[in-house]
Amino acid sequence: MGKSMAEMQQEVDRYISQFKEGYFSPLSMMARMSEEVGELAREVNHQFGEKPKKADEAENSIEMELGDILFITICFANSLGIDLAEAHDKVMHKFSTRDADRWTKINTD
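Residues numbered from 1 in each chain as written. Predicted model: local features only at pLDDT ≥ 70, side-chain atom pairs only at ≥ 80, totals over all residues. Heavy atoms only, no water.

The protein goes by Nucleotide pyrophosphohydrolase in an unreviewed UniProt entry, where it is assigned to Paenibacillus lautus.

Structure follows, in structure tokens:
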């Protein structure tokens, strides 16, 4: 079984806590998150779009870029005292109620 969200948040906190600088400010983390999303977009465009990689361009992967986004998301949440599992539950409740009839469901007879 994989790690729980709480375990991931604790692991990231242990890592960040070993440095005097600690977590970056929320504004810096927002900028970092934007950078990481841009890197993911670039990878998706290389893999599924019309923009091939240059010969001298570093080899990255969608998996690693998503991992970077997860890491900065956990850092952001930790710095603000947000429990991501609880945030996830709230968002899933919102989607399951607000969007309950929005999409065509697969017939599950």
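Further notes follow.
A. A look at the environment of L27. Relative to the assigned elements, L27 resides in helix α2 (residues 26–48). Taking relative accessible area as the criterion, L27 reaches 69% and is therefore assigned exposed. C-alpha of L27 to C-alpha of F76: the two residues are 49 residues apart in sequence and 9.7 Å apart in space. (Helix = DSSP H or I, 4+ residues; strand = E, 2+ residues; numbered from the N terminus. Buried < 20%, exposed > 50% of the residue type's maximum accessible area, 1.4 Å probe, protein only.)

B. Seen up close, the nonpolar core. Residues V12, I16, M29, M33, I72, I74, C75, F76, A77 and L84 constitute the largest nonpolar core, which totals 10 residues. Broken down by secondary-structure element, the contributors of at least two residues to this core are α1 (5–17), α2 and α3 (62–80). The residues contacting I74, other than those within four sequence positions of it, are M8, Q9, V12 and L84. (Core = buried A, V, L, I, M, F, W, Y, C linked by side-chain atoms within 4.5 Å. Contact = heavy atoms within 4.5 Å.)

C. Quick look at a nonpolar patch on the surface. Taken together, the side chains of V91, M92 and F95 make up a nonpolar region of the molecular surface, amounting to roughly 240 Å² of accessible area. Within the secondary structure layout, V91 lies in helix α4 (residues 84–98). Given a relative accessible area of 35%, V91 falls into the partly exposed group. (Patch = residues over 30% accessible without salt bridge, like charges linked within 9 Å, V, L, I, M, F, W, Y side chains within 5 Å. Areas by Shrake-Rupley, 256 points an atom, 1.4 Å probe, with all protein chains shown as cover. Salt bridge = Lys/Arg side-chain N within 4 Å of Asp/Glu carboxyl O.)

D. Inspection of the packing of α1 against α3 at higher detail. Running from N to C, α1 and α3 point in directions that differ by 80°, and their axes come no closer than 10 Å. In terms of axis orientation, α1 runs roughly perpendicular to α3. Where α1 approaches α3, its residues M8, Q9, V12, D13, Y15 and I16 are matched on the opposing element by L70, F71, I74, C75, A77 and N78. (Axes fitted to C-alpha atoms, helices over the stretch in contact; angles between N-to-C directions. Parallel < 35°, antiparallel > 145°, perpendicular 65-115°, else oblique.)

E. Seen up close, α2. Between the first and last C-alpha of α2 there are 32 Å, a value that for 23 residues agrees with the 33 Å anticipated at 1.5 Å per step. Those residues of α2 not exposed but buried are M29, M33, E36, L40, E43 and H46. Contact partners of the buried residues in α2: α3. (Expected span 1.5 Å × (residues − 1).)

F. Geometry of the packing of aromatic side chains. Using the criterion set out here, one finds two aromatic pairs in the structure. Between Y15 and F19 the ring centres are 5.2 Å apart and the planes differ by 75°, which places this aromatic pair in the edge-to-face class. Taking the relative accessible area as the measure of exposure, Y15 reaches 43% and is therefore partly exposed. Chaining the aromatic ring pairs together yields one cluster made of Y15, F19 and F71. The positively charged end of K94 is found above the aromatic ring belonging to F95, 5.0 Å away from the centroid. (Phe/Tyr/Trp six-rings, centres within 6.5 Å; stacked < 30°, edge-to-face > 60°. Lys NZ or Arg CZ within 6 Å of the ring centre and 35° of its normal.)

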